[in-house]
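# Topology and contacts: notes
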Amino acid sequence: NDKEKVNPENLDGYSKKHYPLCMRHMHEILRSTHHLKHRCRLQYGLFIKGIGVLYEDAMEYWKKEFTKTMDHEKFEKQYAYEFKHQYGKVGSMINYSPYSCIKIIMENVGPGDHHGCPYKHWDPSITKQKMIEQGLSSEGVNSVMEMVTSGHYQIACSRYFECTQGQAPSVVVSHPNQYFSDSMNLFKD
Ligand code: SF4
């Protein structure tokens, strides 16, 4: 494993430049509300573990964010275990893997939920609006939306990658962590 350690302080920057839309959205929700619901904590928590955030750093990161709206005791009591669990430090001690796109696309996502795959689970008008806000060309937005409406979510994601990064990913996106490492590789000095 040649993964480099990722400092959580870089996640704000990475989320804008190297995250797929699903992870970027959850990162923004976390930073603006200082909370994520259970399914988000799993999907996003395992993703950042997968990109190289180490256990101790992840615990600090979650604690720092969550305790902006709750006291430390509540965090330790109600949430710390779950994040330890993601790193296989408690319970069955399984070292869980980040979710693949298929797994994320198959998730149940209800109103008010922020996990899942935007191309599959969001109202298409919201996805479109989000991409316009992020500065994609109307040509780019249309090429992504074409795949959204035909149900090819991972191709939609690959086109989003192409529009934002200037070239296609190495293969069609099948894993958010693959998206991230492809993007990081493109911008390596
Ligand atoms: Fe995330 Fe995969 Fe959906 Fe892209 S296709 S937004 S990486 S779940």
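Because the structure is a prediction, the values reported are computed rather than measured. (Residues numbered from 1 in each chain as written. Predicted model: local features only at pLDDT ≥ 70, side-chain atom pairs only at ≥ 80, totals over all residues.)

Quick look at the overall build of the protein chain now. Along the protein chain, the regular secondary structure elements total 12 helices and 0 strands. In terms of its C-alpha atoms, the protein chain occupies a principal-axis envelope of roughly 50 × 40 × 30 Å. Taken across its 189 residues, the protein chain has 33% of its residues classed as buried. For the protein chain, contacts bridging at least 24 residues in sequence account for 53% of all contacts bridging at least 6. (Helix = DSSP H or I, 4+ residues; strand = E, 2+ residues; numbered from the N terminus. Buried ≥ 20, exposed ≤ 12 C-beta atoms within 10 Å, placed from the backbone. Contact = placed C-beta atoms within 7 Å.)

For the rest of this paragraph, the subject is the UniProt feature "binding site: [4Fe-4S] cluster" (unreviewed entry) in the protein chain. As annotated in UniProt, the feature "binding site: [4Fe-4S] cluster" (unreviewed entry) corresponds to Cys22, Cys101, Cys117 and Cys157 in the numbering used here. Spanning 136 residues, the annotated positions come together in the fold, the maximum distance between their C-alpha atoms being 10.0 Å. Topologically, cysteine 22 is positioned in helix α2 (residues 21–33). Judged by the 29 C-beta atoms lying within 10 Å of it, cysteine 22 falls in the buried class. Beyond its immediate sequence surroundings of up to four residues, cysteine 22 is in contact with Ile104, Gly116, Cys117, Pro118 and Pro176. Inspection of the secondary structure puts cysteine 157 in helix α11 (residues 153–165). Those residues within four positions of cysteine 157 in sequence are excluded, and the remaining contacts are Pro20, Tyr119, Val173 and Tyr179. (UniProt positions renumbered as here; feature names shortened; annotations may be inferred.)

The next subject is the UniProt feature "domain: DNA primase large subunit C-terminal" (unreviewed entry) in the protein chain. UniProt tags residues 15–180 as "domain: DNA primase large subunit C-terminal" (unreviewed entry). Counting secondary structure, residues 15–180 comes out at 63% helix and 0% strand; the distance between its end C-alpha atoms is 9 Å.

What follows covers the nonpolar core. The biggest cluster of nonpolar side chains holds 32 residues, and the ones touching the most others in it are Ala156 and Cys157. Looking at this core, the elements with two or more residues in it are α1 (11–17), α2, α3 (38–51), α7 (101–105), α10 (138–149), α11 and α12 (176–186). (Core = buried A, V, L, I, M, F, W, Y, C linked by C-beta atoms within 7 Å.)

Moving on, we come to the site of the ligand. The environment of the ligand is made up of 14 residues, and the closest members are Pro20, Cys22, Cys101, Cys117 and Cys157. Only α2, α7, α8 (118–121), α11 and α12 provide two or more residues apiece to the shell around the ligand. Top contributing element to the shell around the ligand by residue count: α11, with 3 residues. Counting contributing residues per domain, the shell around the ligand is built from domain 1 (8–86) and domain 2 (101–186), each supplying no fewer than three. (Near = placed C-beta within 6 Å. Domains from an automatic or database assignment.)

As a further point, take α11. Taking 1.5 Å of rise per residue, the 13 residues of α11 would be expected to cover 18 Å, and the 18 Å separating its terminal C-alpha atoms lies within 8% of that figure. Residues of α11 that are buried: Tyr153, Gln154, Ala156, Cys157, Ser158, Arg159, Tyr160 and Phe161. Elements that come into contact with the buried residues of α11 comprise α2, α7, α8, α10 and α12. Glycine 166 sits one or two positions beyond α11 and adopts a positive phi of about 85 degrees. (Expected span 1.5 Å × (residues − 1).)

Another aspect to go through is the domain arrangement of the protein chain. Domain annotation of the protein chain identifies domain 1 (8–86) and domain 2 (101–186). Relative to domain 2, the C-alpha centre of domain 1 lies at a distance of 21 Å. On the domain 2 side, the residues contacting the 16 residues of domain 1 number 17 residues. Going through the elements one at a time, α2 and α3 are the ones with two or more residues in the side of domain 1 that touches domain 2. Grouping the amino acids of the side of domain 1 that touches domain 2 by side-chain chemistry returns 10 nonpolar, 4 polar and 2 charged. (Nonpolar A, V, L, I, M, F, W, Y, C, P; charged D, E, K, R; others polar.)

The pLDDT averaged across the protein chain works out to 95; a share of 98% of its residues lies at or above 70. The complex prediction reports pTM at 0.96, with the ipTM value standing at 0.99. (pLDDT = per-residue confidence, 0-100.)

Turning next to the packing of α3 against α12. Two elements in contact, α3 and α12, have axes separated by 10 Å at closest approach and are oriented at 40 degrees. By the angle between their directions, the pair α3 and α12 is classed as oblique. The element α3 and its partner α12 pack so that their crossing is right-handed. Contact with α3, carried on its side by Phe47, Gly50 and Ile51, involves Pro176, Asn177 and Phe180 of α12 and no other residues of that element. Residues of the contact of α3 with α12, tallied by class, amount to 4 nonpolar, 2 polar and no charged. (Axes fitted to C-alpha atoms, helices over the stretch in contact; angles between N-to-C directions. Parallel < 35°, antiparallel > 145°, perpendicular 65-115°, else oblique. Left-handed = near helix turned anticlockwise from the far one by under 90°.)

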